[in-house]
Amino acid sequence: MTASRLREWLLKGLLLLIPIAYVPWADEPYRLFREELFQLAGAGVLLLWLYSRITGEKGGYLSAHGLKTDFSLFTCGAGAMLLSFALNGGSPSAVINTALGGVLFLAFYNAIAPDTAFGWTKLFIFTAVFNGLLGIAQYTGYDPFFQSLDPVFHNVHRHYLVAGFMDSPNMLAPFLASFVPLAYAFFMHETARGKNIAWTLRSVFLMTAIAFAQNLGALLALGAVLGAMLLYFTLRRPPDGGKTFTFKLAASWTMALLVIAVAATGYARQDDAIRLMKRYSMDERRMQNEACVMMFQGAPLVGKGPGFFYAHFEEYRRAVWFNGPPLRLPDRPAHQAHNDYLQLLAEGGLLAAIPFFLLLLFWMRRHGAALVRRERIPLPYPNAPLLLGAIGGFWVIALNGAGSFPFHIAPLAVTAIFWAAVAAVLMQPNSPDNKGTAS
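Residues numbered from 1 in each chain as written. Predicted model: local features only at pLDDT ≥ 70, side-chain atom pairs only at ≥ 80, totals over all residues. Heavy atoms only, no water.

> What should I look at first to understand the overall build of the chain in this one?
The number of helices and strands found in the chain is 16 helices and 0 strands. Counting all 439 residues of the chain, 48% fall into the buried class. Partitioning the intrachain contacts of the chain with sequence separation of at least 6 by distance along the chain shows that 78% fall at a separation of at least 24. Taken as a whole, the chain presents about 21100 Å² of accessible surface, with 67% of it coming from carbon and sulfur. (Helix = DSSP H or I, 4+ residues; strand = E, 2+ residues; numbered from the N terminus. Buried < 20%, exposed > 50% of the residue type's maximum accessible area, 1.4 Å probe, protein only. Contact = heavy atoms within 4.5 Å. Areas by Shrake-Rupley, 256 points an atom, 1.4 Å probe, with all protein chains shown as cover.)

> It is not clear to me how the nonpolar core should be interpreted in this structure. Could you clarify?
Among soluble globular proteins, nonpolar side chains are generally buried collectively. Grouped together as the largest cluster of nonpolar side chains are 91 residues, with contacts concentrated most on Phe105, Phe108, Phe233, Phe394 and Phe418. If one sorts the elements of this core by residue count, helix 16 (residues 410–427) sits on top with 15 residues. When residues no more than four places from it in sequence are discounted, the contact partners of Phe418 are Leu15, Phe108, Ile112, Trp120, Thr121 and Phe124. Residues Met287, Met295, Phe308 and Ala337 belong to the second largest nonpolar core, which totals 12 residues. (Core = buried A, V, L, I, M, F, W, Y, C linked by side-chain atoms within 4.5 Å.)

> What's the story with the pattern of salt bridges in this structure? I'm lost.
Pairing between side chains becomes possible if they bear opposite charge and their charged atoms approach one another. Per the counting criterion, the structure on display carries 4 salt bridges. Ionic pairing is found between Glu8 and Arg5, a salt bridge with its closest N-O pair at 3.4 Å. Here Glu8 pairs with Arg5, and both are found in helix 1 (residues 3–17), just 3 residues apart, close to one helical turn. With a closest N to O distance of 3.0 Å, Glu8 and Lys12 form a salt bridge. Here the residue Glu8 and the residue Lys12 both occupy positions in helix 1, the gap between them amounting to 4 residues, near one helical turn. A relative accessible area of 2% places Glu8 in the buried class. Taking relative accessible area as the criterion, Lys12 reaches 14% and is therefore assigned buried. In the salt-bridge network here, residues are joined through shared partners; they are Arg5, Glu8 and Lys12. (Salt bridge = Lys/Arg side-chain N within 4 Å of Asp/Glu carboxyl O.)

> How should the environment of Thr246 be read in this particular structure?
Of note, Thr246 is situated in helix 11 (residues 242–268). A sequence separation of 12 residues divides Thr246 from Thr234, and the C-alpha atoms of the two residues are 9.3 Å apart.

> Would you mind showing me how to read a nonpolar patch on the surface here?
Taken together, the side chains of Leu83, Leu87, Leu301, Leu350, Leu351, Ile354, Leu358, Leu361 and Met364 make up a nonpolar region of the molecular surface, amounting to roughly 810 Å² of accessible area. One can find Leu358 in helix 14 (residues 340–376). In this structure Leu358 comes out as partly exposed when scored by relative accessible area, which is 41%. (Patch = residues over 30% accessible without salt bridge, like charges linked within 9 Å, V, L, I, M, F, W, Y side chains within 5 Å.)

> Just checking my understanding: could you explain the packing of helix 2 (residues 31–55) against helix 4 (residues 92–111) for this structure?
When two helices pack together, their arrangement is given by the angle between the helix axes and by the axis-to-axis distance. Interaxial distance between helix 2 and helix 4 falls to 9 Å at its minimum, and their mutual angle equals 55 degrees. Between helix 2 and helix 4, the angle is such that the two are oblique. The element helix 2 and its partner helix 4 pack so that their crossing is left-handed. Residues Glu35, Phe38, Gln39, Ala41, Gly42, Ala43, Val45 and Leu46 of helix 2 lie in contact with helix 4, whose contacting residues are Ser93, Asn97, Leu100, Gly101, Val103, Leu104 and Ala107. Across the contact of helix 2 with helix 4, the residue classes tally to 9 nonpolar, 5 polar and 1 charged. (Axes fitted to C-alpha atoms, helices over the stretch in contact; angles between N-to-C directions. Parallel < 35°, antiparallel > 145°, perpendicular 65-115°, else oblique. Left-handed = near helix turned anticlockwise from the far one by under 90°. Nonpolar A, V, L, I, M, F, W, Y, C, P; charged D, E, K, R; others polar.)

> Sorry if this is basic, but what is going on with the packing of aromatic side chains here?
Between two aromatic rings, the relevant description is the distance of the centres plus the angle of the planes. All chains considered together, the criterion is met by 26 aromatic pairs. Look at Phe175 and Phe179: their rings are 5.3 Å apart centre to centre, the planes differ by 75 degrees, and that puts the pair in the edge-to-face class. Given the relative accessible area of 0%, Phe175 is considered buried. Judged by its relative accessible area of 3%, Phe179 falls in the buried class. (Phe/Tyr/Trp six-rings, centres within 6.5 Å; stacked < 30°, edge-to-face > 60°.)

> For this particular structure, what's the right way to read the packing of helix 1 against helix 4?
Contact pair helix 1 / helix 4: the axes reach a minimum separation of 10 Å and the direction vectors enclose 115 degrees. Helix-helix and strand crossings are classified by hand; for helix 1 and helix 4 the assignment is left-handed. Packed against helix 1, whose contacting residues are Arg7, Leu11, Leu14 and Leu15, the element helix 4 presents Leu104, Ala107, Phe108, Asn110 and Ala111 at the interface. Here the contact of helix 1 with helix 4 is composed, by residue class, of 7 nonpolar, 1 polar and 1 charged.

Structure follows, in structure tokens:
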């Protein structure tokens, strides 16, 4: 078996295992195990690349063809994190994971081809369905895998059980939300009645599980992405859309307004206990964000070092309390800040953050340009809706990073990497170094 074929199987195994693998260890049975899966997959890709270099096998290299700007910005950001580690010490795994994220992005980009991208995506959809089914079952009180440590509390607040195979609802919701733009894009592009119904049911299924999880960060990120998609379809109506497209567009606007009304009504009817819990949660996030700002102010250029937030959060938290006492004393330390971008500034400083922020801005510009360009150079079905869905899926995770820490959670980081790679492949369908093998 060739190195490129082995790499493909390694990446497919990662997509299948990392969102659903369950090992009942310790207090948090998933995170360490899944991070190790992430590292093993990245190390495997590097070993296969080295083998290809030694043997001269064609197709086994990690090519960045067509990604010169992307690769340069990522390299600068990752190099700055390494510099911060060299100057400050900290967690070597954070530096390694940053570099391996780039390695896995290139590996997906090289393994996936325009004609196989949908096959890869269908494989990944399986894990979303599996997580969604378990999440809905958990909400009803049936869970064959986990036991609640506080059944009295969970019987009242069932959404805290809706975690699927993830650590918590805060992890399950953004994972499932990243698949909703794909379902919506296919729904808007489909003309066959049966497939329209199928994509509608997929959307309803995903949204049901997400609604049960009640994670505000994921819902806001998804709402922003779906809102942008709805405006896109409204402003760039396809010339051959016909009455069916007009009906879908009208139904989408109606549903959007209905969801907003229901959400506003539900928020207004929340009982005092729920409101108080949300206030506690928001206050805890405020403390984390202010601590990150303090860390950044102490070392704005190179940061305090990777992993510094976890190691020193409690002492910075006490400093935050001098400016504003907490609503209640936290009952646990924070592993990560609930804002990946502020934590990046705190740990890597401007030298690390600016390249990554520029990369996001560059991708935003390029994604928008690609969606406009595809109207002039139509992509074959199913790649046209797949491109839109992949772009939307990536930005759901990226926006969620402003209120959570998806890039520190291996399954969500892999999800973002996968969607970004699929979008990059479909934006460059004629790349000579991007041939892939059949799925």
